[in-house]
Every structure is written in structure tokens, then in C-alpha cells.
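# Commentary on secondary and tertiary structure
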Amino acid sequence: MKKMLTLVIAIAMSLMLGCTAFAEETYHMEPKMIADRTLKVGLVPVVINTSYTMTINGARAYIEDKGYDMELIVEAPAGNTSSVEEQGKIIERMILQGVDAIVLATESDAAMLPYLREAEKANIPVFLFNMSEIDPSNIYYVSSIGYDQYQAGYDIGEWVANHYTEETKVAVLEGYPGIVNDQRMQGFKDAIAKNEKIKIAASQCANWNRADGQNVTESILISNPDINLLYGPFDEMVLGGMVALKERGLKGKVDVVGFGATQDGINSIKAGEMTATIDVMEYYTGYDIIEAVHDYCVLGKDVEKLINRDCVVYDAQNVEEHDDTVFAE
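Just so you know, the residues in each chain are numbered from 1, in the order the chain's sequence is written. Where local features are concerned, this predicted model is filtered to residues with pLDDT of at least 70; where side-chain atom pairs are given and counted, the filter is 80 or more; whole-chain, interface and lining totals use all residues. For side-chain calculations, the full set of non-hydrogen atoms in the structure is used, while hydrogens and water are omitted.

### Brief notes about the overall build of the protein chain
Quick reminder of the rule: Segments assigned H or I by DSSP are reported as helices when at least four residues long, segments assigned E as strands when at least two residues long, and all are numbered from the N terminus. Here the term buried applies to any residue with accessible area under 20% of the maximum for its type, exposed to any over 50%, and partly exposed to those in between, with areas from a 1.4 Å probe on protein chains only. Note on contacts: a residue pair qualifies if any of its non-hydrogen atoms lie within 4.5 Å across the two residues. Accessible surface area values rest on a Shrake-Rupley calculation with a 1.4 Å probe, where residue burial reflects the displayed protein chains alone.
If you tally the helices and strands in the protein chain, you get 10 helices and 12 strands. Counting every position in the protein chain, which comprises 329 residues, the buried fraction comes to 54%. Contacts spanning at least 24 positions in sequence make up 77% of the contacts within the protein chain whose residues lie at least 6 apart. As displayed, the protein chain offers around 14,800 Å² of accessible surface, 51% of which is attributable to carbon and sulfur atoms.

### Thoughts on the packing of helix α2 (residues 50–66) against helix α10 (residues 282–297)
Any two packed helices are characterised by the angle at which their axes cross and by the distance between the axes. Let me state the cut-off plainly: To obtain an axis, a line is fitted to C-alpha atoms, over the contacting stretch when the element is a helix, and the angle between two such axes runs from 0 to 180 degrees between their N-to-C directions. Angle categories are assigned with fixed cut-offs, so that under 35 degrees is roughly parallel, over 145 is roughly antiparallel, 65 to 115 is roughly perpendicular, and the rest are oblique. Take the far helix as the reference: if the near one is turned anticlockwise from it by less than a right angle, the crossing is left-handed, and if turned clockwise, right-handed.
Following both chains from N to C, one finds α2 and α10 inclined at 45°, their axes separated by 6 Å at the closest point. By the angle class used here, α2 and α10 are oblique. For the pair α2 and α10, the sense of crossing is right-handed. Packed against α2, whose contacting residues are Ser51, Met54, Thr55, Asn57, Gly58, Ala59, Ala61, Tyr62 and Ile63, the element α10 presents Glu282, Tyr283, Thr285, Gly286, Tyr287, Ile289, Ile290 and Glu291 at the interface.

### Side note on the sheet that holds strand β3 (residues 101–104)
Here is the rule: The criterion for strand pairing is that DSSP finds at least two bridges linking the strands in question.
Across the sheet, which stays open at both edges, the 6 strands sit in the order β2-β1-β3-β4-β5-β11 with parallel pairing between neighbours. Lying at the two open borders of the sheet, with one neighbouring strand each, are β2 (70–74) and β11 (306–308). Ignoring strand direction, the axes of neighbouring strands in this sheet form an average angle of 20°. Relative to β11, strand β5 (residues 143–146) is paired through 3 bridges, and the arrangement is parallel. Its bridge partner lying in β11, Ser144 is registered against Leu306.

### Some remarks on the packing of helix α5 (residues 149–163) against helix α6 (residues 179–192)
Going by this rule: As a working rule, the residues Ala, Val, Leu, Ile, Met, Phe, Trp, Tyr, Cys and Pro are called nonpolar, Asp, Glu, Lys and Arg charged, and the rest polar, with Gly in that last group.
Look at α5 against α6: their axes get within 7 Å of each other, and the N-to-C directions meet at 35°. Crossing geometry of α5 relative to α6 is assigned as right-handed. Here Gln149, Tyr150, Gly153, Tyr154, Ile156, Gly157, Glu158, Val160 and Ala161 of α5 lie close against α6, whose contacting residues are Val180, Gln183, Arg184, Gln186, Gly187, Phe188, Asp190, Ala191 and Ile192. Residues of the contact of α5 with α6, tallied by class, amount to 9 nonpolar, 6 polar and 3 charged.

Taken by themselves, the reported measurements are silent on function.
Here it is as C-alpha cells:
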């Protein structure tokens, strides 16, 4: 209870400060020029899953390819449900360890504000990545790197809207409640709204994972046996859903559309099972993270406040164009 009370107070204080607080404060840190030793970079994802692993692999590959003298220290919370509290503790440990930069993906930069201030006091720049909603007036991060979550949801939704000309009933496997799920789902819903023949028949939480994707799909099919399309804002969920479809003899009768272009998702499209997914360039986000950190901390350059890559939808027509080398360990 004490831990929960502390977390609630931290979030409340952050929200009370809000944008006006940022306007009254001054971020004193200037770009560094560390060239005479190994640069230590702490990377803190929300959790370790296929999505974040792709970004971590991209970052490590870019360090090696460029020959940068940089050590990437990765530490993540044990699970999604306690991520904010655990991330705060991880950041505090990294500050004590004397890292040169912190790279953070989090559900709420507002909840992390006390820890971002600690990093600033320790003269450690913070870079955010894979963020859904970010306050550009927040002076406690150098750059937000990744892609636009809403736009990615809209792009895959637009693909659906353009590819289905007959009445289509959609079952949706959502991630656990939060900004990431909300932004991806809102983009998807806004895009398919352009096609009156597409309707969402059911939408349930599948917690971003394959096992829940299978179980929830089985539940949905009981009351909605006539769905035409299964969609989820992460490949893992719909890959689980495909197992349920196969068990009911619905393979090939229900299209499956995902999000993230994971290795299993891309392979499934090549095998003629999954219909489409969107590549949000998470592997290359790792490239962009390292380049931004290197520019700022080694070369002493300012970097853009927002660094986003465009996303690409893959289906049977163009899946062979996908660069599968990003999946190499």
C-alpha cells in the first residue's frame, strides 16, 4: 500500500505541475562531447517482448556497424502491470551507476517526471522512444524517437478500408488499456469509418500476448461465428487468434490483420495465413536512437525534438520486399 500511495502521489504531483511548470523551468543541460571513453547508455523499455527486442537488436547492430564506443545496458520491468513503479527504480539505479544517457519507453512521461528531473540533476540526458502521447513542452527529455502510434493505426485501418468492398464484420483483439492501445485503436477506427460496409462486431482485451489472443478469439467466436476479419494492434495477439480460427476450421475464411511486422507475422503472411501487418520500423528505431545519442553525447550536436519514421503495410503483394535481415540475431 505504501508503494502504491507513493506512486499515486508522484503521478498526481506531475499532473498538477503540467505544461505550465515546464514553461517556468529551464533545462540547463547542454549537448555533451564524450569522446575519450566508452559511452554508457541505459535503455529501459516498458517490458521485454518481440516489439522491444527488435528495437534493442537494431540499436546493438547499429553500434557495431558504426563502430561506436558505446555500451548498451538494457533493463526492463518484470511485467506490464508494474512498469511505472519498476521503471522509476531502474532509472534511479542507472543514475547511481553513472550512465551517460538514458533511453526510456514508458506509458506516461508525466508519471516519470520525478525521475526525469533526477536524471537532469545528475546531468544525464534522457531520450524517449516508442511513445504514444508526449508533451512537447516537457523540457526533461532531449528527443522522442519512433513512430506515430495513431498514424500507424490509421494506416493499417486505411488498408482494411480500401481492401474490403463487401459487408465485413470485424473482431478486434485489443491490448491492455493504456495510451498505446488507445492511440492505435483510435487511428484504426477513424480509418475504417470511411467504409460503411465495415463494422466492428466485437472488441475484447487480449493483453498484447499470444495465449490471451487465442483464448479471447475462442470466446468471441462463440457469440460471433460469422466474423470476416480478425484484427489486433499487435501481431502476437492475432497469431494466437489464428490458432483458434484453425481449430474451428476457419482458416482461409476469416482474414487476419496484425500490427508490428514481427518475424512470425511476416512469416505467416508468406505462408498464406495472416493477411497483412504494418511495419512500424521498430528495428530501425534502434538505429535512430543510437544516432541521436551519439550526436548529442559524443559530437555535441543538438537533435530534433521529434524523430519519427514512416510505416509500411505488408501483405501478400509486397511481403517479399520486406527486409528480413532485421530479424537476424
